[in-house]
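Okay, here's what each chain looks like letter by letter:
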Amino acid sequence: MKQHLISRKHLTFFLFIMSGFLLSGCNLEDFSGDNGESIASAQRQTASPKAVNFLIRAQNAFNKKAFKQALILADSTDKYAPELADAYFLRGLVFTEMRRYQEAETVYQHVLSIDPAYEGVYMNLGNTAFRQGDQERALQLYEKEFKINPSAEVLHQIGWYYGKISKPDSALSAYQRALTMDSTHTKTLMRLAEIYKEDGELERSLEYTRKGIELAPTNINYRYFLGSLLLLKGEIPEAINTLGRVVYDRPWHYWANYNLGQALIRNGEAEKGQVYLTRAEKLQEELKNIQDWENLAENNPDQLGLWVNLGEAYRRAGRNQEAIEAFNIALEIEPRFIALQNNLANLYLIEKDTSAAVFHYESIIKRFPAFSTGWLNLGVVYASSGKIDDARRAWQKAHMYAPEDTTAASYLKILDQQSK
């Protein structure tokens, strides 16, 4: 999906230390490292443990792209901490991810009414302003964030802004200032690597790329960039190895498949290279389809069908995490869409997030007890988790509601045979 640059890292950190406070009873100030003078910091020190618990659960739901659940849990904090800035900030993150920018701006402004120096709010407001076409206001907000909370992350965002409005010198200056503040800021290192590659300074680009990958060795996007750079430099064997790993991790990556095909051909493996080029040609059609749905959903965020179609396009391409995000946005628009919730639960199961899968299957059968497919799939989750008795009960329900479907009966037969 299109990348949404939002400041969320510090919220996760604060929730972590709040969790420590909740579990151990220690003073939050001992963990936070700030001077304890900000309003939000003071709130964290006096927050009700129940409010903290709800907020941590809301953050976990947000991390799983369960946006509706995240909002419900954030709302639950109001019973115990009605004006907790962190809860409103989390709502802003959720609304931003859902492309509901006006609602995001409203809650971000509320955060500022509680704590005018809350970290990340002005940067996120700048991002929403930019996406709505107000570029001048976006820059003002970024600069205001830097004045209040100076960091390499904000300077990186300012550099990103200048790059988007085609001011490369200003972008380069901002990126260099970011590295002056934090020489290990990985995103800035990689962005400079891209700029030097575009300018033909391949050795310099490679230097920054290797630094970035050393700091973030599991980042697949960075590994792809390294592979493409190695191919451009003519270092074919290493390019093949690097791009091959990317294709293994992301079979749907168009450019990785295309460049791997080119590298293999240049290495004298024409037949093998053609396989990847043919695959890339097919992926290019899928990518165009996905981009079309992305643009439609971005511009019409309240249209259920667009998010469903986008999610289906992602799912067909094997991009399950992005499909989960799109389906969750659709489910927020229409929570009663049972088939969609079942598909979402199936995706969570594929991604080995069994707790999220169980949550959705149980939500379905709670509202529609006779939904045999939900019982069948719930039984599969229980069985894979070693909960054999729960699996048996779920499959018995599935068989009761759909006796003509032999699947549940065959599963029960297997359990009977194993128990002998």
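Look a little higher up for the structure.
Conventions used here
Residues numbered from 1 in each chain as written. Predicted model: local features only at pLDDT ≥ 70, side-chain atom pairs only at ≥ 80, totals over all residues. Heavy atoms only, no water. Helix = DSSP H or I, 4+ residues; strand = E, 2+ residues; numbered from the N terminus. Buried < 20%, exposed > 50% of the residue type's maximum accessible area, 1.4 Å probe, protein only. Areas by Shrake-Rupley, 256 points an atom, 1.4 Å probe, with all protein chains shown as cover. Axes fitted to C-alpha atoms, helices over the stretch in contact; angles between N-to-C directions. Parallel < 35°, antiparallel > 145°, perpendicular 65-115°, else oblique. Left-handed = near helix turned anticlockwise from the far one by under 90°. Contact = heavy atoms within 4.5 Å. Nonpolar A, V, L, I, M, F, W, Y, C, P; charged D, E, K, R; others polar. 1 Å grid on protein atoms, 1.4 Å probe; cavity = no way out; pocket = protein on both sides within 12 Å on 5 of 7 lines; lining within 4 Å. Points joined across faces, edges and corners; volume = space filled by probe spheres on them. Core = buried A, V, L, I, M, F, W, Y, C linked by side-chain atoms within 4.5 Å. Expected span 1.5 Å × (residues − 1). Arc of directions from axis to C-beta. Polar contact = N/O pair within 3.5 Å; in protein donor to acceptor, adjacent residues only side chain to side chain. Salt bridge = Lys/Arg side-chain N within 4 Å of Asp/Glu carboxyl O. Phe/Tyr/Trp six-rings, centres within 6.5 Å; stacked < 30°, edge-to-face > 60°. Lys NZ or Arg CZ within 6 Å of the ring centre and 35° of its normal.

Bringing the overall build of the chain into the picture now. If you tally the helices and strands in the chain, you get 24 helices and zero strands. Each principal axis of the C-alpha atoms in the chain carries an extent, and together these give about 70 × 65 × 40 Å. Burial analysis of the chain (420 residues in total) assigns 49% to the buried set. Looking at the chain as shown, the accessible area adds up to about 20500 Å², and 51% of this sits on carbon and sulfur atoms.

Put simply, helix α14 (residues 220–233) and helix α15 (residues 236–249) touch, their axes get as near as 8 Å, and they point 150° apart. Put simply, α14 runs roughly antiparallel to α15. Where α14 crosses over α15, the handedness of that crossing is left-handed. Packed against α14, whose contacting residues are I220, R223, Y224, L226, G227, S228, L230 and L231, the element α15 presents I236, E238, A239, T242, L243, R245, V246 and D249 at the interface. Residue composition of the contact of α14 with α15, grouped by class: nine nonpolar, three polar and four charged.

Here we take up the environment of I195. In this structure, I195 sits in helix α12 (residues 186–198). By relative accessible area, which is 12% here, I195 ends up buried. Separated by 24 residues in the primary sequence, I195 and A171 have C-alpha atoms spaced 9.8 Å apart. Every residue in contact with I195, bar those within four places of it in the chain, is listed here: L172 and Y175.

Another point: the layout of surface pockets. Put simply, the second largest pocket is a space of about 360 Å³. If you trace the second largest pocket, you find 16 residues lining it, with K68, Q341, F359, H360 and S363 closest to the centre. Those elements giving two or more residues to the lining of the second largest pocket turn out to be α5 (67–76), α19 (320–333) and α21 (354–367). In terms of residue count, the dominant contributor to the lining of the second largest pocket is α21 (six residues). For the lining of the second largest pocket, the class distribution of residues is six nonpolar, five polar and five charged.

With that settled, the discussion passes to the nonpolar core. In terms of nonpolar packing, the biggest core is built from 120 residues, with V121, Y142, I158 and Y161 touching the most fellow members. The residues contacting I158, other than those within four sequence positions of it, are L139, Y142 and A174.

This brings us to unusual backbone geometry. A positive phi angle, close to 65°, is found at K65, a residue other than glycine. Inspection of the secondary structure puts K65 in the loop between α4 (49–63) and α5. Exposure remark for K65: the relative accessible area of 17% places this residue in the buried category. Here K352, not a glycine, exhibits a phi torsion of approximately 65°, which is positive.

Along an α-helix, a turn takes 3.6 residues, which lines up residues three or four apart on a common side. Taking 1.5 Å per residue, 14 residues should reach 20 Å; helix α23 (residues 388–401) reaches 20 Å between its end C-alpha atoms and fits that length. Along α23, the positions that sit buried rather than exposed are A391, A394, W395 and A398. Projected down its long axis, α23 shows its buried positions confined to an angular sector of 95°, all on one face. Of the surrounding secondary structure, the elements contacted by the buried residues of α23 are α22 (372–384) and α24 (406–419).

Let's shift gears to the side chain of H253. Here H253 lies in the loop between α15 and α16 (254–266). Polar contacts involving the side chain of H253 include one to the main-chain amide nitrogen of W255, which spans 3.5 Å. Beyond its immediate stretch of four places on either side in the chain, H253 contacts Y224, V246 and L283.

What follows is about the pattern of salt bridges. Considering all chains together, one arrives at 26 salt bridges under this definition. For R91, the salt bridge goes to D75, with nearest N and O atoms at 3.0 Å. Of this pair, R91 sits in helix α6 (residues 85–97) while D75 sits in helix α5, placing them 16 residues apart in sequence. Where salt bridges share partners, they join K65, E97, R99, R131, E298 and E325 into one cluster.

A full pass over the atoms with the stated rule returns 13 aromatic pairs. Summarising the aromatic geometry, the rings of F54 and Y80 are spaced 6.0 Å apart at their centres and angled 15° between planes, so their arrangement reads as stacked. Note that F54 is positioned in helix α4 and Y80 in the loop between α5 and α6, a separation of 26 residues in sequence. Taking 5.8 Å as the distance between ring centres and 85° as the angle between the ring planes, the aromatic pair formed by W255 and Y258 counts as edge-to-face. Taken as a pair, W255 and Y258 lie in helix α16 at a separation of three residues, close to a single helical turn. Overall, W255 belongs to the partly exposed group, its relative accessible area being 43%. Among the aromatic residues, those joined into a ring-pair cluster are F130, Y142, W160, Y161 and Y162. Over the ring of F146 we find R177; its NZ or CZ atom is 5.5 Å from the centre of that ring.

Read these as layout, nothing more, since geometry by itself doesn't imply function.
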